[in-house]
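Spelled out, the chains give:
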Amino acid sequence: MTNASQIPKGLTACPDCDLLLHTSDSDHRQKGHCPRCAATLWHASNPSADIDLAAAVSGLLLFIPAMSLPILKLDMVGQLGSNSLLGGVVRLWLENEHLLAVLILLCSLLAPLMHLLLTTMIGISIRLRRYPRYFPAWLKCKVWMQSWSMLEVYAMGIIVAYVKMMDPGEVSVASGTYCLVGLLLCIILCSQYFHEEQAWQYWEQRS
(Lines give C-alpha, C1' and ligand atoms only; values in the text may rest on other atoms or scores of the structure.)
Protein backbone atom coordinates (compact mmCIF):
# COMPACT_ATOMS: atom_id res chain seq x y z
CA MET A 1 0.00 0.00 0.00
CA THR A 2 1.31 3.45 -0.90
CA ASN A 3 1.91 5.52 2.19
CA ALA A 4 0.16 8.85 2.36
CA SER A 5 2.30 11.91 2.83
CA GLN A 6 2.60 12.76 6.51
CA ILE A 7 2.86 16.50 5.81
CA PRO A 8 0.28 18.84 4.28
CA LYS A 9 1.36 20.37 1.00
CA GLY A 10 2.20 24.08 0.71
CA LEU A 11 0.68 25.94 3.64
CA THR A 12 -0.91 24.50 6.72
CA ALA A 13 -2.57 26.24 9.66
CA CYS A 14 -1.84 25.34 13.26
CA PRO A 15 -5.00 23.76 14.76
CA ASP A 16 -4.49 25.66 18.03
CA CYS A 17 -3.27 29.18 17.16
CA ASP A 18 -4.00 29.33 13.36
CA LEU A 19 -0.43 30.27 12.49
CA LEU A 20 0.22 29.68 8.75
CA LEU A 21 3.37 27.67 8.05
CA HIS A 22 5.20 26.56 4.92
CA THR A 23 5.47 22.76 4.94
CA SER A 24 6.78 21.97 1.46
CA ASP A 25 10.37 21.37 2.61
CA SER A 26 9.57 19.64 5.90
CA ASP A 27 11.08 16.30 6.87
CA HIS A 28 8.43 13.57 7.14
CA ARG A 29 10.69 11.50 9.40
CA GLN A 30 10.23 13.96 12.26
CA LYS A 31 7.14 15.13 14.09
CA GLY A 32 6.07 18.66 13.18
CA HIS A 33 5.36 21.23 15.89
CA CYS A 34 4.08 24.79 15.72
CA PRO A 35 6.90 27.25 16.54
CA ARG A 36 4.43 29.55 18.33
CA CYS A 37 2.41 27.23 20.59
CA ALA A 38 4.20 23.85 20.16
CA ALA A 39 1.01 22.10 19.00
CA THR A 40 1.48 18.93 16.93
CA LEU A 41 1.00 19.62 13.21
CA TRP A 42 1.76 16.14 11.86
CA HIS A 43 3.19 12.89 13.12
CA ALA A 44 6.38 11.19 12.07
CA SER A 45 6.31 7.96 10.09
CA ASN A 46 5.21 5.16 12.38
CA PRO A 47 6.33 1.58 11.70
CA SER A 48 3.60 0.30 14.07
CA ALA A 49 0.76 1.61 11.92
CA ASP A 50 -1.55 -1.32 12.71
CA ILE A 51 -1.64 -0.73 16.46
CA ASP A 52 -4.79 1.41 16.23
CA LEU A 53 -6.67 -1.26 14.29
CA ALA A 54 -5.49 -4.09 16.55
CA ALA A 55 -6.45 -2.10 19.66
CA ALA A 56 -9.88 -1.28 18.22
CA VAL A 57 -10.64 -4.93 17.39
CA SER A 58 -9.41 -6.04 20.84
CA GLY A 59 -11.56 -3.35 22.45
CA LEU A 60 -14.65 -4.58 20.61
CA LEU A 61 -13.99 -8.11 21.87
CA LEU A 62 -13.66 -6.85 25.44
CA PHE A 63 -16.60 -4.46 25.28
CA ILE A 64 -19.49 -6.80 26.09
CA PRO A 65 -17.70 -8.53 29.02
CA ALA A 66 -16.58 -5.17 30.40
CA MET A 67 -20.14 -3.82 30.29
CA SER A 68 -22.04 -6.90 31.50
CA LEU A 69 -19.77 -8.73 33.96
CA PRO A 70 -19.73 -7.71 37.66
CA ILE A 71 -17.12 -5.08 38.47
CA LEU A 72 -17.14 -5.20 42.28
CA LYS A 73 -18.51 -7.78 44.72
CA LEU A 74 -19.75 -6.43 48.05
CA ASP A 75 -20.24 -8.14 51.40
CA MET A 76 -21.72 -5.63 53.86
CA VAL A 77 -23.30 -6.81 57.10
CA GLY A 78 -23.94 -10.25 55.66
CA GLN A 79 -25.57 -8.93 52.51
CA LEU A 80 -23.92 -9.91 49.24
CA GLY A 81 -24.17 -7.88 46.07
CA SER A 82 -22.48 -7.07 42.79
CA ASN A 83 -23.10 -4.75 39.93
CA SER A 84 -21.96 -4.17 36.36
CA LEU A 85 -21.62 -0.96 34.39
CA LEU A 86 -24.76 -1.67 32.38
CA GLY A 87 -26.58 -2.67 35.55
CA GLY A 88 -25.64 0.66 37.12
CA VAL A 89 -27.26 2.54 34.24
CA VAL A 90 -30.44 0.47 34.61
CA ARG A 91 -30.49 1.08 38.36
CA LEU A 92 -30.15 4.83 37.91
CA TRP A 93 -33.04 4.80 35.45
CA LEU A 94 -35.23 2.84 37.89
CA GLU A 95 -34.33 5.34 40.63
CA ASN A 96 -35.72 8.13 38.38
CA GLU A 97 -32.25 9.57 37.72
CA HIS A 98 -33.05 9.64 34.01
CA LEU A 99 -30.71 12.46 32.98
CA LEU A 100 -27.74 10.93 34.78
CA ALA A 101 -28.53 7.49 33.36
CA VAL A 102 -28.66 8.83 29.80
CA LEU A 103 -25.41 10.76 30.30
CA ILE A 104 -23.57 7.69 31.59
CA LEU A 105 -25.08 5.58 28.81
CA LEU A 106 -23.76 8.03 26.21
CA CYS A 107 -20.31 8.74 27.65
CA SER A 108 -19.47 5.33 29.12
CA LEU A 109 -21.16 2.92 26.70
CA LEU A 110 -22.33 4.33 23.36
CA ALA A 111 -19.46 6.77 22.70
CA PRO A 112 -16.66 4.26 23.47
CA LEU A 113 -18.42 1.60 21.40
CA MET A 114 -18.81 3.91 18.39
CA HIS A 115 -15.22 5.12 18.82
CA LEU A 116 -13.90 1.55 18.61
CA LEU A 117 -16.28 0.52 15.83
CA LEU A 118 -15.48 3.53 13.63
CA THR A 119 -11.73 3.13 14.22
CA THR A 120 -12.04 -0.48 13.08
CA MET A 121 -14.03 0.43 9.97
CA ILE A 122 -11.62 3.24 9.03
CA GLY A 123 -8.57 1.06 9.66
CA ILE A 124 -9.91 -1.80 7.55
CA SER A 125 -10.79 0.60 4.72
CA ILE A 126 -7.26 2.01 4.72
CA ARG A 127 -5.62 -1.43 4.83
CA LEU A 128 -7.80 -2.73 1.98
CA ARG A 129 -7.55 0.56 0.04
CA ARG A 130 -11.31 0.57 -0.37
CA TYR A 131 -12.87 3.87 0.60
CA PRO A 132 -16.68 3.96 0.63
CA ARG A 133 -18.45 7.27 0.12
CA TYR A 134 -19.25 7.36 3.83
CA PHE A 135 -15.52 7.41 4.73
CA PRO A 136 -15.42 11.20 5.45
CA ALA A 137 -18.52 10.91 7.63
CA TRP A 138 -16.88 8.05 9.54
CA LEU A 139 -13.83 10.21 10.23
CA LYS A 140 -15.89 13.16 11.46
CA CYS A 141 -18.11 10.96 13.63
CA LYS A 142 -15.09 9.10 15.03
CA VAL A 143 -13.46 12.33 16.20
CA TRP A 144 -16.77 13.52 17.69
CA MET A 145 -17.34 10.23 19.53
CA GLN A 146 -13.78 10.24 20.83
CA SER A 147 -14.41 13.59 22.50
CA TRP A 148 -17.54 12.19 24.20
CA SER A 149 -15.91 8.93 25.30
CA MET A 150 -15.33 9.28 29.04
CA LEU A 151 -15.12 5.70 30.25
CA GLU A 152 -12.04 6.57 32.30
CA VAL A 153 -14.18 8.93 34.43
CA TYR A 154 -16.46 6.02 35.31
CA ALA A 155 -13.38 3.91 36.11
CA MET A 156 -12.16 6.60 38.52
CA GLY A 157 -15.56 6.49 40.21
CA ILE A 158 -15.17 2.74 40.67
CA ILE A 159 -11.78 3.23 42.32
CA VAL A 160 -13.21 5.85 44.69
CA ALA A 161 -16.14 3.58 45.58
CA TYR A 162 -13.75 0.68 46.19
CA VAL A 163 -11.66 2.72 48.62
CA LYS A 164 -14.64 4.19 50.49
CA MET A 165 -16.40 0.84 50.98
CA MET A 166 -13.38 -1.06 52.26
CA ASP A 167 -14.02 -0.04 55.88
CA PRO A 168 -17.78 -0.74 56.32
CA GLY A 169 -17.67 -4.01 54.38
CA GLU A 170 -15.64 -6.45 52.34
CA VAL A 171 -15.10 -5.47 48.71
CA SER A 172 -13.47 -7.70 46.11
CA VAL A 173 -12.57 -7.08 42.50
CA ALA A 174 -14.65 -9.12 40.04
CA SER A 175 -13.88 -10.32 36.53
CA GLY A 176 -15.52 -7.32 34.89
CA THR A 177 -12.82 -5.05 36.34
CA TYR A 178 -10.07 -6.78 34.38
CA CYS A 179 -12.09 -6.54 31.18
CA LEU A 180 -12.74 -2.86 31.87
CA VAL A 181 -9.01 -2.18 32.39
CA GLY A 182 -8.22 -3.95 29.12
CA LEU A 183 -10.93 -1.95 27.35
CA LEU A 184 -9.52 1.32 28.68
CA LEU A 185 -6.03 0.39 27.44
CA CYS A 186 -7.44 -0.37 23.99
CA ILE A 187 -9.23 2.99 23.85
CA ILE A 188 -6.04 4.80 24.90
CA LEU A 189 -4.04 3.01 22.19
CA CYS A 190 -6.69 3.88 19.59
CA SER A 191 -6.49 7.55 20.51
CA GLN A 192 -2.69 7.55 20.63
CA TYR A 193 -1.93 5.76 17.37
CA PHE A 194 -4.79 6.92 15.16
CA HIS A 195 -3.82 10.02 13.16
CA GLU A 196 -6.77 11.81 11.62
CA GLU A 197 -4.73 13.90 9.17
CA GLN A 198 -3.18 10.79 7.63
CA ALA A 199 -6.62 9.21 7.18
CA TRP A 200 -7.80 12.33 5.35
CA GLN A 201 -4.76 12.16 3.08
CA TYR A 202 -5.51 8.54 2.22
CA TRP A 203 -9.01 9.66 1.26
CA GLU A 204 -7.66 12.45 -0.92
CA GLN A 205 -5.13 10.14 -2.64
CA ARG A 206 -7.61 7.34 -3.33
CA SER A 207 -7.52 6.05 -6.90
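Just so you know, these numbers come straight off a predicted model, no measurement behind them.

**Q** Would you take a moment to explain the overall build of the chain for this structure?
**A** Along its length, the chain carries seven helices and seven strands. For the chain, the N- to C-terminal ordering of α and β elements is β-β-β-β-α-β-β-α-α-α-α-β-α-α. Counting over 207 residues, the chain shows a buried share of 35%. Intrachain contacts of the chain at a sequence separation of at least 6 include 63% that bridge at least 24 residues.

**Q** What exactly am I supposed to notice about the state of the cysteines here?
**A** Between two cysteines, a covalent bond joining their sulfur atoms is known as a disulfide. Enumeration according to the criterion identifies zero disulfides in this entry. No disulfide involves C34; its sulfur sits 3.6 Å from the nearest other cysteine sulfur, which is in C17. According to the relative accessible area criterion, C34 is buried, its value standing at 4%.

**Q** Would you mind showing me how to read the pattern of salt bridges here?
**A** A side chain of one charge can pair with a side chain of the opposite charge when the charged atoms of the two come close. In total, this model carries two salt bridges according to the counting rule given. Ionic pairing is found between R127 and D52, a salt bridge with its closest N-O pair at 3.3 Å. With a gap of 75 residues between them, R127 in helix 3 (residues 98–128) and D52 in helix 1 (residues 51–68) connect regions that are remote in the sequence. One salt bridge connects R91 with E95, and the closest N-O pair in it is separated by 3.2 Å.

**Q** Sorry if this is basic, but what is going on with the nonpolar core here?
**A** Soluble globular proteins tend to pack their nonpolar side chains together in the buried interior. Core analysis: the largest hydrophobic core is formed by 24 residues, its most contacted members being A66, M67, I71, L85, L151, L180 and L183. When residues of this core are traced back to their parent elements, those giving at least two are helix 1, helix 2 (85–94), helix 3, helix 5 (151–164) and helix 6 (175–193). Examining the composition of this core, we find that seven residues originate from one element, helix 6, more than from any other. Apart from the residues lying within four places of it in its own chain, the contact partners of L151 are M67, L85, C107, S108, P112, L180, L183, L184 and I187. By size, the runner-up hydrophobic cluster in this structure holds eleven residues, among which are I126, F135, Y202 and W203.

**Q** Just checking my understanding: could you explain the packing of aromatic side chains for this structure?
**A** Given two aromatic rings, one states the distance between the centres and the angle between the planes to describe the pair. Across all of its chains, the model carries three aromatic pairs by this definition. Their ring planes at 85 degrees and their centres at 5.3 Å tell us that Y131 and F135 sit as a pair that is edge-to-face. Given the relative accessible area of 0%, F135 is considered buried. Note on F135 and W203: the rings are 5.8 Å apart at their centroids and 15 degrees apart in plane angle, and the pair reads as stacked. Within this pair, whereas F135 is found in helix 4 (residues 135–148), its partner W203 is found in helix 7 (residues 196–204), the two being separated by 68 residues in sequence. A relative accessible area of 15% places W203 in the buried class. Cluster of aromatic residues (ring-pair linked, three or more members): Y131, F135 and W203.

**Q** Just to check I follow, could you spell out helix 6 for this structure?
**A** Residues separated by three or four positions in an α-helix point in the same direction, a consequence of the helix having 3.6 residues per turn. Across its 19 residues, helix 6 extends 28 Å between first and last C-alpha, which sits within 8% of the 27 Å expected from 1.5 Å per residue. Residues of helix 6 that are buried include every one of G176, T177, C179, L180, G182, L183, L184, C186, I187 and C190, and no others.

**Q** Could you clarify how one ought to interpret a nonpolar patch on the surface in this entry?
**A** A contiguous nonpolar patch, built from L100, L103, W144, W148, M150 and V153 and spanning about 550 Å² of accessible area, is present on the exposed surface. Elements with a contribution of two residues or more to the nonpolar patch: helix 3 and helix 4. With respect to the secondary-structure elements, L103 resides in helix 3.

**Q** Can you walk me through the packing of helix 3 against helix 4 in this structure?
**A** Relative orientation and spacing of two packed helices are given, respectively, by the angle between their axes and the distance between those axes. Viewed as axis vectors pointing N to C, helix 3 and helix 4 meet at an angle of 145 degrees, and their least axial separation amounts to 8 Å. When you trace helix 3 past helix 4, the crossing you get is left-handed. Residues L106, C107, A111, M114, H115, L118, T119, M121, I122, S125 and I126 of helix 3 pack against F135, W138, L139, C141, K142, M145, Q146 and W148 of helix 4. The residue makeup of the contact of helix 3 with helix 4, split by class, is 14 nonpolar, four polar and one charged.

**Q** Whenever I open this one, helix 4 confuses me. Can you help?
**A** In this model, helix 4 (14 residues) spans 20 Å end to end at C-alpha, consistent with the 20 Å of a helix rising 1.5 Å per residue. Within helix 4, burial applies to F135, P136, W138, L139, K142 and M145. Against helix 3 and helix 7 lie the buried residues of helix 4.

Parameters and conventions
Residues numbered from 1 in each chain as written. Predicted model: local features only at pLDDT ≥ 70, side-chain atom pairs only at ≥ 80, totals over all residues. Heavy atoms only, no water. Helix = DSSP H or I, 4+ residues; strand = E, 2+ residues; numbered from the N terminus. Buried < 20%, exposed > 50% of the residue type's maximum accessible area, 1.4 Å probe, protein only. Contact = heavy atoms within 4.5 Å. Disulfide = S-S within 2.5 Å. Salt bridge = Lys/Arg side-chain N within 4 Å of Asp/Glu carboxyl O. Core = buried A, V, L, I, M, F, W, Y, C linked by side-chain atoms within 4.5 Å. Phe/Tyr/Trp six-rings, centres within 6.5 Å; stacked < 30°, edge-to-face > 60°. Expected span 1.5 Å × (residues − 1). Patch = residues over 30% accessible without salt bridge, like charges linked within 9 Å, V, L, I, M, F, W, Y side chains within 5 Å. Areas by Shrake-Rupley, 256 points an atom, 1.4 Å probe, with all protein chains shown as cover. Axes fitted to C-alpha atoms, helices over the stretch in contact; angles between N-to-C directions. Left-handed = near helix turned anticlockwise from the far one by under 90°. Nonpolar A, V, L, I, M, F, W, Y, C, P; charged D, E, K, R; others polar.

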